[in-house]
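Understanding the architecture of this molecule
Letter by letter, the chains look like this.
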Amino acid sequence: MFKQLFDLSGRVAVVTGGGRNIGLSTAMALAEFGAKVVIAEIDPQVGEEGLAALQAKGYEAELHQLDVTNSKAVTACADAVVSKYGRVDIAVANAGIALGSPGELMPDEQWHKVIDINLHGVFYTNRAFGKHMLDAGKGSIVNIGSMSGIISNKPQEQVHYNAAKAGVHHLTKSLAGEWAKRGVRVNAVAPTYIETAMTKTGAANPDWFKTWMEMTPMGRMGQPSEIAACVLFLASDAASLVTGHVLVADAGYTVW
Ligand SMILES: NC(=O)c1ccc[n+]([C@@H]2O[C@H](COP(=O)([O-])OP(=O)(O)OC[C@H]3O[C@@H](n4cnc5c(N)ncnc54)[C@H](O)[C@@H]3O)[C@@H](O)[C@H]2O)c1
């Protein structure tokens, strides 16, 4: 009874930024439970490597080169997926970047770049894939937010990143409310520091790493698979009653 709630056989899932780390691990998790997966990735080489890793496991997967800041391209990607498979059941808005600058010195370009990818890109993805799901009367969207949308990080200065992630959380609740009666669930996952390309430089800085670990009750970073497992739950029928939720997977960071 409960096992089948996680069965994604016959479903089609799209993961933005799905070529590596959290995105790729999520694609792997969804594929392991039966979904066909489309990775929508800006970097062709990263995308090809991610696709090869999925196919090496025997999973049905394909790659779309996509920049999530290009609204028309995101819509075209959603239309192409539905045109090919006749459906889209799961969309994971995962693509994101992290940059840093003290707020008072932050150049316009850096502010706009982070907001464009981490907030506008998430909205474009929700809108484009959500529209098809609403037409079908069913679907599940999972946005990758961050604990940075709940707290502001220390010691790194990243007002744009934190503001974008808070926006992702509230976008999630807003669309969840709009679409709840029409069969489409919208949720988010808010990770702590995860060992990926994004945190490599910070984790290698002894002062930063010491602060991060002192502020983390579990005293460790997370792995991409630990976020993928949260996405899997929210994407699946096991979470049929869950919408507008931000699942905080933060090793306890926000309890203090
Ligand atoms: N690593 C962490 O500690 C952490 C913590 C909280 C939240 N997150 C969030 O998780 C998500 C994934 O992060 P990650 O750590 O796996 O990072 P990562 O840099 O390893 O992967 C991000 C992927 O997104 C792709 N991408 C970047 N810009 C894109 C664009 N415009 N269009 C399409 N694809 C694009 C990259 O090419 C890359 O494959 C991000 O949204 C990030 O903000 C990460």
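Structure's up top.
A brief structural summary.

Scoring rules and cut-offs
Residues numbered from 1 in each chain as written. Predicted model: local features only at pLDDT ≥ 70, side-chain atom pairs only at ≥ 80, totals over all residues. Heavy atoms only, no water. Near = heavy atom within 4 Å. Polar contact = N/O pair within 3.5 Å; in protein donor to acceptor, adjacent residues only side chain to side chain. Areas by Shrake-Rupley, 256 points an atom, 1.4 Å probe, with all protein chains shown as cover. 1 Å grid on protein atoms, 1.4 Å probe; cavity = no way out; pocket = protein on both sides within 12 Å on 5 of 7 lines; lining within 4 Å. Sits in = over half its atoms within 2 Å of the grid points. Helix = DSSP H or I, 4+ residues; strand = E, 2+ residues; numbered from the N terminus. Nonpolar A, V, L, I, M, F, W, Y, C, P; charged D, E, K, R; others polar. Buried < 20%, exposed > 50% of the residue type's maximum accessible area, 1.4 Å probe, protein only. Pairing = 2+ DSSP bridges. Right-handed = clockwise from strand over helix to strand, strands pointing away. Expected span 1.5 Å × (residues − 1). Arc of directions from axis to C-beta. Contact = heavy atoms within 4.5 Å. Points joined across faces, edges and corners; volume = space filled by probe spheres on them. Salt bridge = Lys/Arg side-chain N within 4 Å of Asp/Glu carboxyl O.

**Here's the deal with the site of the ligand**
- Residues in contact with the ligand amount to 27 residues; listed here are only the nearest, Asn21, Glu41, Tyr161, Ile194 and Thr196.
- Asn21 is positioned such that a nitrogen or oxygen atom in its side chain is 2.6 Å from an oxygen atom of the ligand.
- With the chains in place, 95% of the 830 Å² that the ligand exposes on its own is no longer accessible.
- Put simply, the ligand lies in the largest pocket.
- Breaking the shell around the ligand down by element, the ones donating at least two residues are α1 (21-32) and α5 (159-179).
- In terms of residue class, the shell around the ligand is made up of 13 nonpolar, nine polar and five charged.

**Considerations on the environment of Lys113**
- Residue placement: Lys113 occurs in helix α4 (residues 108-136).
- Given the relative accessible area of 46%, Lys113 is considered partly exposed.
- The spacing of Lys113 and Val14 is 99 residues in sequence and 23 Å in space, taken between C-alpha atoms.

**Here's the deal with the pairing of strand β2 (residues 36-41)**
- With five of six residues buried, β2 is to be regarded as a mostly interior element.
- Sheet analysis places strand β1 (residues 12-16) next to β2, joined by five bridges and oriented parallel. Directly across from Thr16, in β2, lies its bridge partner Ala40.
- Since β1 and β2 lie parallel, the crossover through α1 that links them has a hand, and here it is right-handed.
- Across five bridges, β2 lies against strand β3 (residues 61-65) in parallel orientation. By the bridge assignment for β3, Ile39 is matched with Leu63.
- For the segment spanning β2, helix α2 (residues 44-56) and β3, crossover handedness is right-handed.

**Examining α2**
- Taking 1.5 Å as the rise per residue, α2 with 13 residues should run 18 Å; its terminal C-alpha atoms sit 18 Å apart, in good agreement.
- When α2 is considered as a whole, its buried residues turn out to be Val46, Gly47, Gly50, Leu51 and Leu54. One side of α2 carries all its buried residues, which in axial view fall inside an arc of 130°. Those residues of α2 that are exposed and aimed more than 90 degrees away from the buried face are Gln45 and Ala56.

**A few points about the side chain of His160**
- With respect to the element layout, His160 can be found in helix α5.
- Residue classification places His160 among the buried residues on the basis of a relative accessible area of 0%.
- A polar atom in the side chain of His160 sits 2.8 Å from the side chain of Gln110.
- Those residues within four positions of His160 in sequence are excluded, and the remaining contacts are Leu99, Gly100, Met106, Gln110, Trp111, Val114 and Ile115.

**Focus on the layout of surface pockets**
- Estimates place the volume of the largest pocket at around 1000 Å³.
- Lining the largest pocket are 46 residues, and of these Gly96, Ile97, Ala98, Thr196 and Met198 lie nearest its centre.
- Of all the elements in the fold, those that place two or more residues in the lining of the largest pocket are α1, β2, α4, α5, α6 (200-204) and α7 (206-214).
- Of the residues that constitute the lining of the largest pocket, the class distribution is 21 nonpolar, 18 polar and seven charged.
- Approximately 180 Å³ is the volume attributed to the second largest pocket.

**Let's talk about the pattern of salt bridges**
- As enumerated under the stated definition, the model contains five salt bridges in all.
- Residues Lys84 and Glu62 are paired through a salt bridge, measuring 3.1 Å at the closest nitrogen-oxygen approach. Residue Lys84 is located in helix α3 (residues 71-85), and its partner Glu62 is located in strand β3; the two are separated by 22 residues in the primary sequence.
- Assessed through its relative accessible area of 55%, Lys84 is described here as exposed.

Keep in mind these numbers describe shape, not what the thing actually does.
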